[in-house]
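Fold and geometry: a report
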Amino acid sequence: MALETRGNSTGTTYLQLDYGKKSLYIYSGDEKEGFEKHTTATGKVSYRQYVNAVTGKITSAYFRENNFGGTDFVLIFTDGDEKYSVQMKIEDSVFSNLARSIKNVDPKKEVRFSVYESKSSTGDKSYFGVSLSYPQELDENGKAKLIEWGEELPKGKQLRNGKWDFSEAQDEAYGRVEDFIKDNGFDKFENNSNTPKEDEKPKKDSPFAEEDEDDSDLPF
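Every chain is numbered on its own, with residues counted from 1 as its sequence reads. Local features in a predicted model are, by the rule used here, given only for residues with pLDDT of at least 70; side-chain atom pairs are given and counted only at 80 or more, and totals for whole chains, interfaces and linings are based on all residues. Side-chain numbers come from the whole structure's heavy atoms, not from hydrogens or water.

**What to know about the packing of aromatic side chains**
Short version of the rule: Only Phe, Tyr and Trp rings are paired, with Trp represented by its six-membered ring, and only when their centres lie within 6.5 Å; those with planes under 30 degrees apart are stacked, over 60 edge-to-face, the remainder tilted. Only runs of H or I of at least four residues qualify as helices and only runs of E of at least two qualify as strands under DSSP, and these elements are numbered from the N terminus. Think of it in three bands: residues with accessible area under 20% of the maximum for their type are buried, residues over 50% are exposed, and the middle band is partly exposed, with areas taken using a 1.4 Å probe on protein chains only. Think of it as a cone above the ring: NZ of Lys or CZ of Arg counts as a charge over the ring if it is within 6 Å of the ring centre and within 35 degrees of the ring normal.
Evaluated as defined, the whole model comprises 9 aromatic pairs. With a centroid separation of 6.2 Å and an interplanar angle of 55°, the aromatic rings of Tyr-25 and Tyr-50 are classed as tilted. Of this pair, Tyr-25 sits in strand S3 (residues 23–28) while Tyr-50 is found in strand S5 (residues 45–65), placing the two residues 25 residues apart along the sequence. The same class applies to Tyr-25 as to Tyr-50, namely buried. Their ring planes at 50° and their centres at 5.5 Å tell us that Phe-63 and Phe-73 sit as a pair that is tilted. Separated by 10 residues along the polypeptide, Phe-63 in strand S5 and Phe-73 in strand S6 (residues 71–79) bring together distant segments of the chain. By the burial criterion, Phe-63 is buried, and Phe-73 matches it. An aromatic cluster is built from Phe-63, Phe-73, Phe-95 and Tyr-174, whose rings are joined through pairwise contacts. Its guanidinium or amino end placed over the ring of Phe-35, Lys-32 lies 5.8 Å from that ring's centre, counting from NZ or CZ.

**Some points on helix H2 (residues 167–183)**
Selection criterion: Expected span of a helix, by definition, is 1.5 Å for each gap between consecutive residues, and there is one gap fewer than residues. Note that the arc is defined by the directions from the helix axis to the C-beta atoms.
End to end, H2 covers 24 Å across 17 residues, agreeing with the expected 24 Å (1.5 Å per residue, within 8%). Among the residues making up H2, those that are buried are Ala-169, Ala-173, Arg-176, Val-177, Phe-180 and Ile-181. End-on view of H2: buried residues confined to an arc of 140°, all on one side of the axis. What points out from H2, more than 90 degrees from its buried face, is the exposed set Asp-171 and Asp-183. Directly after H2, the chain includes Gly-185, whose backbone phi takes a positive value near 75°.

What follows is the structure in C-alpha cells.
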C-alpha cells in the first residue's frame, strides 16, 4: 500500500506538511469523506486527509521555486501506476533531517517515508522528525530496516549581536540533497528544473497554492 492514511485514500498524488500536527496530508478545497476541516488564522477553510507514511521507489528529486519567493525540495515516490509528490521548504526541519540520511538511501529499493513530532532538548519546541526505512527488508527484530543516519549537520553559531546563524548547516543540508540528486541522475530529468512541467504546476485549488500561517518550522 503506497499511502498509509487516517481514512480512505482518494488517490490524490500531492502531499504537503501540516506544521501543527507534524504530519503529511492530502489537500482538498471541498469537503470529502475521510478529510478533516482545517481553518487558518485568517478564516480560510480547506480539508485535509492525514497521511502516516508514503511508500514507493524514489523516481525523481529536485528543487524548484515556490509561489512565495522561496525554494522547495520535491521528492517523488512511485508505486506501480501511482505517483506521490512530497514537497517541503528547504528552511524547515523536515528538510534538514532528511538531508542527514539521504545519501544512504538506495532509490532502487522500496522506501517508506514518514514524519513525526520531535521535541527540542528543552521540550519547549517541536519540529519534524523524519523516518526512512526499507519495508521489504527486516532487521533482527523483524521490523522494517531503518536507513542509517549520516553525519550531523554543522552546529549553529551565536553572533555578537546575540542572534544565531544557521547558514552553514542549511548550506550543508542543501549540498547533501543536491549530491543525492546528481548521484542518481535525477538532475537529467525534464521535471527537475525550477519551472515545473504543466501538469505539475500548482493549481488555484491545490495544496501548493496557499501558504499556511502555522508553517514556521526552523530546523534548529
